[in-house]
Amino acid sequence: MRRLWTPAWIARHVAMVVLVVGFLGLGWWQISRATAGNNLSWGYAVEWPIFAGFVVYVWWREVRLARRSAHGAAEPPADPAVEPPPAATVGSRPAVRRPVRVARVPVDATRGDDADLAAYNDYLSWLNANPGARPGDYPG
């Protein structure tokens, strides 16, 4: 619990209280406008408490996550002979893995019967060989 009373967490608690009180106040204001005859305010009167509930939900979820990570860091491993789980399942963040290397095999342009494909490949080869050229400069 001490971890939830750091300056950063105190700022989060204060922000949560300010947002919830503000959102509920705005909901009450919309209810007073709606009872005065503004029919559109009924929708807003429902939305502001939902926003306040969402702020409470996010705050509650973050508190639970902080407490769970604090308990996980405080517990020593039970058996050092047991291998840790793979990196993909540690915590709630995805693990970064090594990229998959794919061998690039050059395609033979003369292999196919498609003349349009061969002409397009020649055009791309020319563009690659002439990086400053515009497509209209192609001689073919």
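See the structure above.
Figured I'd write up the structure that's included with this text. (Residues numbered from 1 in each chain as written. Predicted model: local features only at pLDDT ≥ 70, side-chain atom pairs only at ≥ 80, totals over all residues. Heavy atoms only, no water.)

Once that is clear, we can look at the overall build of the protein. For the protein, the count of helices and strands is 3 helices and 0 strands. Reading the protein from its N end, one meets helices and strands in the order α-α-α. Among the 140 residues that make up the protein, the fraction classed as buried is 11%. Within the protein, residue pairs in contact and separated by at least 24 positions form 46% of the contacts whose partners lie at least 6 positions apart. In the structure as shown, the protein presents an accessible area of about 12,000 Å², 63% of it carried by carbon and sulfur atoms. (Helix = DSSP H or I, 4+ residues; strand = E, 2+ residues; numbered from the N terminus. Buried < 20%, exposed > 50% of the residue type's maximum accessible area, 1.4 Å probe, protein only. Contact = heavy atoms within 4.5 Å. Areas by Shrake-Rupley, 256 points an atom, 1.4 Å probe, with all protein chains shown as cover.)

With that out of the way, let us pick up the side chain of His13. Among the secondary structure elements, His13 is positioned in helix H1 (residues 7-35). A relative accessible area of 14% places His13 in the buried class. In terms of polar contacts, His13 uses its side chain to reach the side chain of Trp59, at 2.9 Å. (Polar contact = N/O pair within 3.5 Å; in protein donor to acceptor, adjacent residues only side chain to side chain.)

Now for the pattern of salt bridges. A full pass over the atoms with the stated rule returns 2 salt bridges. For Glu62, the salt bridge goes to Arg61, with nearest N and O atoms at 3.5 Å. A relative accessible area of 39% means that Arg61 is categorised as partly exposed. (Salt bridge = Lys/Arg side-chain N within 4 Å of Asp/Glu carboxyl O.)

Here Gln30 is to be found in helix H1. Judged by relative accessible area, which is 6%, Gln30 ranks as buried. Setting aside chain neighbours within four positions, we find Gln30 in contact with Ser41, Tyr44, Ala45 and Trp48.

Met16, Val20, Phe23, Ala52 and Val55 form the largest nonpolar core, which has 5 residues in total. Setting aside its immediate chain neighbours within four residues, Val20 contacts Ala52, Val55 and Val56. (Core = buried A, V, L, I, M, F, W, Y, C linked by side-chain atoms within 4.5 Å.)

Read these as geometric descriptors, not functional statements.
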